[in-house]
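Spelled out from the first residue to the last, the chains are:
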Protein chains: 4
Amino acid sequence: MYSFKNDYSEGAHPRIMQALLDTNLDQTDGYGTDPHCERARALIREKIACPEADVHFLVGGTQANLTVVAAALRPYQAVVAAHTGHVCVHETGAIEATGHKVVAVPSPDGRLTPAMVEEACGLHTDEHMVQPKMVYISDSTEVGTLYRKAELEALHDTCRALGLYLFLDGARLSAALTAETNDLSLPDLARLCDVFYLGGTKCGALFGEAVVIVNDALKPDFRYLIKQRGGMLAKGRLLGIQFESLFEDGLYLELGARANRLGMRMKRAISESGFSFASDSYTNQQFAVLPDALVEALGGHYKFERNGKPDAGHTVVRFVTSWATDETAVERFAADLRRLASGAE
Amino acid sequence: MYSFKNDYSEGAHPRIMQALLDTNLDQTDGYGTDPHCERARALIREKIACPEADVHFLVGGTQANLTVVAAALRPYQAVVAAHTGHVCVHETGAIEATGHKVVAVPSPDGRLTPAMVEEACGLHTDEHMVQPKMVYISDSTEVGTLYRKAELEALHDTCRALGLYLFLDGARLSAALTAETNDLSLPDLARLCDVFYLGGTKCGALFGEAVVIVNDALKPDFRYLIKQRGGMLAKGRLLGIQFESLFEDGLYLELGARANRLGMRMKRAISESGFSFASDSYTNQQFAVLPDALVEALGGHYKFERNGKPDAGHTVVRFVTSWATDETAVERFAADLRRLASGAE
Amino acid sequence: MYSFKNDYSEGAHPRIMQALLDTNLDQTDGYGTDPHCERARALIREKIACPEADVHFLVGGTQANLTVVAAALRPYQAVVAAHTGHVCVHETGAIEATGHKVVAVPSPDGRLTPAMVEEACGLHTDEHMVQPKMVYISDSTEVGTLYRKAELEALHDTCRALGLYLFLDGARLSAALTAETNDLSLPDLARLCDVFYLGGTKCGALFGEAVVIVNDALKPDFRYLIKQRGGMLAKGRLLGIQFESLFEDGLYLELGARANRLGMRMKRAISESGFSFASDSYTNQQFAVLPDALVEALGGHYKFERNGKPDAGHTVVRFVTSWATDETAVERFAADLRRLASGAE
Amino acid sequence: MYSFKNDYSEGAHPRIMQALLDTNLDQTDGYGTDPHCERARALIREKIACPEADVHFLVGGTQANLTVVAAALRPYQAVVAAHTGHVCVHETGAIEATGHKVVAVPSPDGRLTPAMVEEACGLHTDEHMVQPKMVYISDSTEVGTLYRKAELEALHDTCRALGLYLFLDGARLSAALTAETNDLSLPDLARLCDVFYLGGTKCGALFGEAVVIVNDALKPDFRYLIKQRGGMLAKGRLLGIQFESLFEDGLYLELGARANRLGMRMKRAISESGFSFASDSYTNQQFAVLPDALVEALGGHYKFERNGKPDAGHTVVRFVTSWATDETAVERFAADLRRLASGAE
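Looking up chain A in an unreviewed UniProt entry gives the name Aminotransferase class V-fold PLP-dependent enzyme, with the organism given as Anaerotruncus massiliensis. Under the Cofactor (unreviewed entry) heading, UniProt states for chain A: "pyridoxal 5'-phosphate". Quoted verbatim from the Sequence similarities (unreviewed entry) field of the UniProt record, the comment on chain A reads "Belongs to the threonine aldolase family."

## Observations regarding the overall build of chain A
The helix and strand tally for chain A stands at 14 helices and 13 strands. What you see for chain A is a C-alpha radius of gyration of 20 Å, in line with the 20 Å of a compact globule of 345 residues. Across its three principal directions, the C-alpha atoms of chain A cover 60 × 55 × 35 Å. Classification of the 345 residues of chain A by burial places 66% in the buried group. For chain A, restricting intrachain contacts to residue pairs at least 6 apart in sequence, the fraction spanning at least 24 positions comes to 72%. Summed over its atoms, the accessible surface of chain A is roughly 11100 Å², and 52% of this surface lies on carbon and sulfur atoms. Taking the average location of the 34 positive side-chain charges in chain A and that of its 45 negative ones, the two points are 3 Å from each other.

## Considerations on the interface of chain C and chain A
Listed as interface residues are 16 residues of chain C and, on the opposing side, 16 residues of chain A. Among the residues of chain C in contact with chain A, Thr-92, Glu-96 and Lys-101 of chain C are the three that bury the most area, contributing 42% of the side total. Taken together, the connections running from chain C to chain A amount to 2 salt bridges. Of the charged contacts, one joins Glu-96 of chain C and Lys-101 of chain A as a salt bridge, the two residues approaching to 2.9 Å between their closest N and O atoms. Applying the counting rule to chain C against chain A returns 10 residue pairs in polar contact (both at pLDDT 80 or more). At the level of elements, helix H4 (86-89) and helix H5 (94-97) of chain C are the ones that each hand at least two residues to the side of chain C that touches chain A. Per-class residue counts for the side of chain C that touches chain A are 6 nonpolar, 6 polar and 4 charged.

## Focus: the UniProt feature "domain: Aromatic amino acid beta-eliminating lyase/threonine aldolase" (unreviewed entry) in chain A
On the UniProt side, "domain: Aromatic amino acid beta-eliminating lyase/threonine aldolase" (unreviewed entry) is annotated at positions that read residues 16-290 of chain A here. The span residues 16-290 of chain A carries 42% helix and 17% strand; its end-to-end C-alpha distance comes to 37 Å.

## Let's talk about the pairing of strand E7 (residues 195-199) of chain D
Remark: a regular strand shows side chains that alternate across the two faces of the sheet. Residues and elements named next belong to chain D. By the criterion of burial, E7 is predominantly enclosed, with 5 of the 5 residues buried. Where burial is concerned, the two faces of E7 agree: the one with Val-195, Tyr-197 and Gly-199 and the one with Phe-196 and Leu-198 are both buried. Of the pairings in the sheet, the one linking strand E6 (residues 165-169) to E7 comprises 2 bridges and is parallel in character. Among the inter-strand pairings, Leu-168 is bridged to a residue of E7, identified as Phe-196. Relative to strand E8 (residues 209-213), E7 runs antiparallel, the two sharing 5 bridges. Of the residues in E8, the one forming a bridge with Gly-199 is Glu-209.

## Considerations on the relation of the copies chain C and chain D
Two copies of one chain are present, and they are related through a rotation about an axis combined with an axial shift. Aligned on chain D, chain C shows an RMSD of 0.0 Å; the corresponding rotation is 180 degrees and the shift along the axis is 0.0 Å. On this basis, the relationship between the two copies can be described by a two-fold rotation axis. Looking at the interface residues of chain C, 100% of them are also at the interface in chain D, so both copies use one shared face.

## Description of unusual backbone geometry
Residues apart from glycine generally show negative phi values, whereas peptide bonds are mostly found in trans. Residue Ser-140 of chain B is bonded to the preceding Asp-139 of chain B through a cis peptide linkage, with omega at -5 degrees. Position of Ser-140 of chain B among the secondary structure elements: in the loop between strand E5 (131-138) and helix H7 (149-162). At Tyr-31 of chain D, a position not held by glycine, the phi torsion is positive, near 65 degrees. By secondary structure assignment, the location of Tyr-31 of chain D is in the loop between helix H1 (14-22) and helix H2 (35-47).

## Here we look at the sheet that holds strand E2 (residues 54-58) of chain B
All names here are of chain B. Strand order in the open sheet made by the 7 strands is E2-E8-E7-E6-E5-E3-E4, with mixed pairing throughout. The two strands at the open ends of the sheet, each matched to only one other strand, are E2 and strand E4 (102-105). Ignoring which end each strand starts from, the neighbouring axes of this sheet average 25 degrees apart. Of the strands in this sheet, E5 and strand E6 (165-169) touch H7, which is tilted by about 145 degrees from E6.

## Some words on the packing of aromatic side chains
For the coordinates displayed, the defined rule picks out 58 aromatic pairs over all chains. The aromatic ring of Tyr-165 of chain A is capped on one face by Lys-133 of chain A, whose charged end is 5.3 Å from the ring centroid. Over the ring of Phe-277 of chain B we find Lys-267 of chain B; its NZ or CZ atom is 6.0 Å from the centre of that ring.

## A closer look at the relation of the copies chain C and chain A
When chain C is fitted to chain A, the residual RMSD is 0.0 Å, and the transformation amounts to a turn of 180 degrees plus an axial shift of 0.0 Å. The overlap is high: 100% of the interface residues of chain C also sit at the interface in chain A, so the same surface is used on both sides.

## Examining the packing of helix H12 (residues 251-272) of chain B against helix H14 (residues 327-341) of chain B
Residues and elements named next belong to chain B. Across the interface, H12 lies against H14 with an axial gap of 9 Å and an inter-helix angle of 10 degrees. Comparing their axes, H14 and H12 come out roughly parallel. In contact with Arg-258, Arg-261, Leu-262, Arg-265, Met-266, Ala-269 and Ile-270 of H12, H14 contributes Glu-327, Val-330, Glu-331, Phe-333, Ala-334 and Leu-337.

## Digging into helix H12 (residues 251-272) of chain D
Compared with the 32 Å implied by 1.5 Å per residue over 22 residues, the 31 Å span of H12 of chain D between its first and last C-alpha is a close match. At the exit of H12 of chain D stands Gly-274 of chain D, carrying a positive phi of roughly 90 degrees.

## So, the interface of chain C and chain D
Between chain C and chain D, the residue contacts involve 47 residues of the former and 47 residues of the latter. Between chain C and chain D, the buried area comes to about 4000 Å², and carbon and sulfur atoms account for 55% of it. Among the residues of chain C in contact with chain D, Tyr-8, Gln-27 and Lys-235 of chain C are the three that bury the most area, contributing 17% of the side total. On the surface where chain C and chain D come into contact, there are 4 salt bridges. A salt bridge links Asp-29 of chain C to Lys-303 of chain D; the shortest N-O distance between them is 3.0 Å. Taken together, chain C and chain D are joined by 32 residue pairs in polar contact (both at pLDDT 80 or more). Those elements that provide at least two residues to the side of chain C that touches chain D are strand E1 (2-3), helix H1 (14-22), helix H3 (61-72), H5, helix H10 (222-228) and helix H11 (237-247) of chain C. Tallied by class, the residues present in the side of chain C that touches chain D amount to 21 nonpolar, 16 polar and 10 charged.

## Structural notes on the packing of helix H13 (residues 292-299) of chain A against helix H14 (residues 327-341) of chain A
All names here are of chain A. Running from N to C, H13 and H14 point in directions that differ by 140 degrees, and their axes come no closer than 10 Å. Compared by their axis directions, H13 and H14 come out oblique. The chirality of how H13 crosses H14 is right-handed. For the pair formed by H13 and H14, the contact residues are Leu-294, Ala-297 and Leu-298 on the first element and Phe-333, Leu-337, Leu-340 and Ala-341 on the second. Split into classes, the residues belonging to the contact of H13 with H14 amount to 7 nonpolar, no polar and no charged.

About the cut-offs
Residues numbered from 1 in each chain as written. Chains lettered and ligands numbered in written order. Predicted model: local features only at pLDDT ≥ 70, side-chain atom pairs only at ≥ 80, totals over all residues. Heavy atoms only, no water. UniProt positions renumbered as here; feature names shortened; annotations may be inferred. Helix = DSSP H or I, 4+ residues; strand = E, 2+ residues; numbered from the N terminus. Rg over C-alpha atoms; globule rule 2.2 N^0.38 Å. Buried < 20%, exposed > 50% of the residue type's maximum accessible area, 1.4 Å probe, protein only. Contact = heavy atoms within 4.5 Å. Areas by Shrake-Rupley, 256 points an atom, 1.4 Å probe, with all protein chains shown as cover. Lys, Arg positive; Asp, Glu negative; His and termini not counted. Charge placed at Lys NZ, Arg CZ, Asp CG, Glu CD. Buried area = accessible area lost by both parts, 1.4 Å probe. Salt bridge = Lys/Arg side-chain N within 4 Å of Asp/Glu carboxyl O. Polar contact = N/O pair within 3.5 Å; in protein donor to acceptor, adjacent residues only side chain to side chain. Nonpolar A, V, L, I, M, F, W, Y, C, P; charged D, E, K, R; others polar. Pairing = 2+ DSSP bridges. Least-squares fit on C-alpha atoms with pLDDT ≥ 70 in both. Axes fitted to C-alpha atoms, helices over the stretch in contact; angles between N-to-C directions. Phe/Tyr/Trp six-rings, centres within 6.5 Å; stacked < 30°, edge-to-face > 60°. Lys NZ or Arg CZ within 6 Å of the ring centre and 35° of its normal. Parallel < 35°, antiparallel > 145°, perpendicular 65-115°, else oblique. Expected span 1.5 Å × (residues − 1). Left-handed = near helix turned anticlockwise from the far one by under 90°.

And the structure:
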């Protein structure tokens, strides 16, 4: 049974595994102070065209999110996020466990607009309410949508005007930046965000997220927060080595592009079989609205997530591809879908 | 320059690396629900002779400590620990960041006794003070000492009598259980502790600590805490595979024994050169009291930690060996020490 | 300028002031262990017909809310509340500062229904999300509405079925229980809630909320939480004396009834002048929808809160009466409103 | 049975009660924004000769401590305090519940010296440990001792040099500043501390602590913290009125002086009966070392706290006087002590 359940079903890209093997018995200092981390930091600073950025490597996304928020906010300050945001729903209250409220803004497509941010801030007027201080967005979003450059610039301007930090969760950034409708670049992110991260877990690494801090106000003592929240990996070299591999040539974006290509192939297959989508995604996540009977039938051959029921007879199904997805499995899926959708089974 | 700085300078034991390679492109479900984690749990339950224990895999020690404490205690409850305990000093206030006080008890050798625990509890008498509810110990301790079985039994009895949970940090448990003066076994730990963990990071794994929950009161919803505190690894299989390798045969204890053997070789060398120790360790950590000039000279050839100055002319130096330590480096160190100590340089 | 801004503009009912004076130089033990607190607890237990309830006195509402939540929930558990609930918006993230998420449920009238609670719980399915464990309601609500007995019974049943604690914020309970549409009694609350409180601040006291814990699971060590969160008043007697005065005869409900009577007088005046209301309140809070020009004009004579703009030309104005409201001021308001509304000014 | 148990056994000074009565039915805005609070703030700023200080009124000491710490520190920063400090032992982990570690420094007499602070900071060297950022002291201390001006200046200098905030808990400040050995003034405190508070609870008020923030870095948004931690009193006027009474003429220091005078009378009585003291106090708290039999006998006539046993036959007894202590009770105590000590009973 082939899995389209998520983009972290397999291990790491073979070049990463090889790099880990090659350096396995070298001795390095711990906690991210080794030469691999140093070099990975330098490579990332170069790719984002921001030589003064601080770069820290953390193990996972929830850990990165809670550490950034804990570092950035005073106790009464809050994060504004789309109601679909990972920090809102899928982190078991990790942000609240750091003491901070997440102000959830209903969003039709997983994205925040300046108007939404302004409205949320407008509702918080005095010391009887939390003080919004950070805007959290993800690119690609949890429903596969993307920010255009003009949109991110507008959000950036709104954040500046309102005194808010702009934090971009890039767990799926390699997919976002290589989607056919994308016009953002890594240097754009460094120019427009106060802090963001480059996700490794969902893009070829065993694990790892590279947190990039651009705003000087957020830089001091960040390592204290990493350590305190349990995110400081003893063998930090593991993170350094992986991000070296991803960024020493074009591997990071190459893998995102591959994931997207296969995702778009599935999108085409779903479309051609006459089905619609719950969101308009050009990335490696596709959210198809399928008849329940078809979902049932597909479930006998493929693993995937069911994401709610828009009506009595249909289910939203999430199909995810990745750098590791088997192209022949995608083609088999397309054929199976065509067959099953036409009622041949 | 060879490093005796710690036991996490290298990557993973080759058998672990091979297992990771062999399974690299298999598809598995995320978050520790895969078959490797299941099998590793079963292997550990068998080795500890406690079929009903819950086993959870976390990435690192600070993360394991803070997650266990956050799961076990109500907000006003406290952890009693030796003042040298990892949770007291070397976790950047990770426990306090979960809201809990660590009641630090001065200990001459890194260990807690029933009398120390009773005294600490006796000082906390009403609702104006925190309520001690958990005893935290480590084996081997941060200064290389060990608990004897009778001592752990006595602590267990004290904890039962006072209504305290007994939590053993086993970051260096493989070394502890294979030291020549040890008489504790894995089943003893499951019998005497409410919760403990088997450290992987310092014993052959890339990373990973296996938290074993024996007390039923501590079992419910532990996975919620792991997720909330950022410790739930997406590719949980990485932890499962590593602990499978460590526990499917005797690798875990074998590696601890090797680390100890080399540590004791260094101890002998230091002793034979006429130096004493800050603590009496039979494990892979040795704390030598050396003349400053010698420390300086050794520092030109080896990396190690300086742990304080007992007097104006001496420094406590920590030498650590591991499963990966090069035996020839140890012999070279012994020779260098002999030479340098006799003033030949 | 007369104030209808809130129900805590004045000091305490004269009988309370007298009681404080009469006992001013008596010596009593601190922290709520004095005979006044004991007697006040006994009086409350009697009025709620629940001899085994625990009663604790706290200074204010936000303090009571955060202490109850911190005492009741494990770290990953959440409170379900109407989006208008005090804990959602007007406590500066006090609940989140205890580490807990408030799951805000959109509610048309400030109340929660079983269906809303069930839906909120249905959306939280596994350890990647918070676990709803408590339902927070207020009676009267923040918009002046009330729970009928049948509605509270239904909520109680839903909470039992779903394993949730039912927590009722009674900051305005004296008004709620004496409204003409109310059919709940104090014993009903003790029967149907796991924990609730009887508000004193807004009903004749200088300050003080009496937290009543009915569910045995929530009783242990509550005083530890009070102390830890800064709510344990040194001169606890002040709380005891005030609640003695409120509950030794019918003063508590008598004052609520008076506040409601004056509130209803204002409602009638507003109605008779042809204006509508943002919520249907039979209590001491009235939310009138008034033309902006009228609001402006009234603002020259009276203090009140503006609670949003339903459309370009209107404002929702909150008028609040209390035990201390001057009846002649209410009549003057009615006359002024009639005059101003008819365009006479 | 007369109580020397603490300095909060009675209500408020009659002038305060009268002021509360006189203003009882005036209408004022809530949450500390009323004219009484404004005037009290102005009076305090004048007395401390620091016109630009921020002054906030909180209800109690633990609340004040936890709010100041939560406002001042980033998550990984710690408070250095004497091991006898109120924040260390008698606040049920209130500071830890805000996420911060209290670094407890053993102190022979309840006071901190620059050397102690320097040593504590010297032990915290990198991001694996908390970062000391605030020094907490109390004057008078929990054992009745005092800081001399030169000592406070030295601490101030040390804090400046090390980048630490100096926070003085003045729960018993009126006693401290009026002790015969004191040479500190209110303006000295404003000059030497970053933040401190003037305790009302133990000096004539029903309750209340006036937090004075001198350092601009600690001023922003402090009211958010007050509200979030449950310390914002709805009828804030109660605090304003009380502090007006205490500071509009010399009442505050006058009451402290009276408490001290009676405390010194008891000290003389104890001395003259041949007993020694656990600490050298010139304030309203006296810590006598008495034979157990005498303690037993006195316990039949007076209430007091037992504070530990220095040896098998003796107990440390704390006797506390206050603004409200009955002078004849003190004389009776002196006589009883003389009689009981001479074995007449």
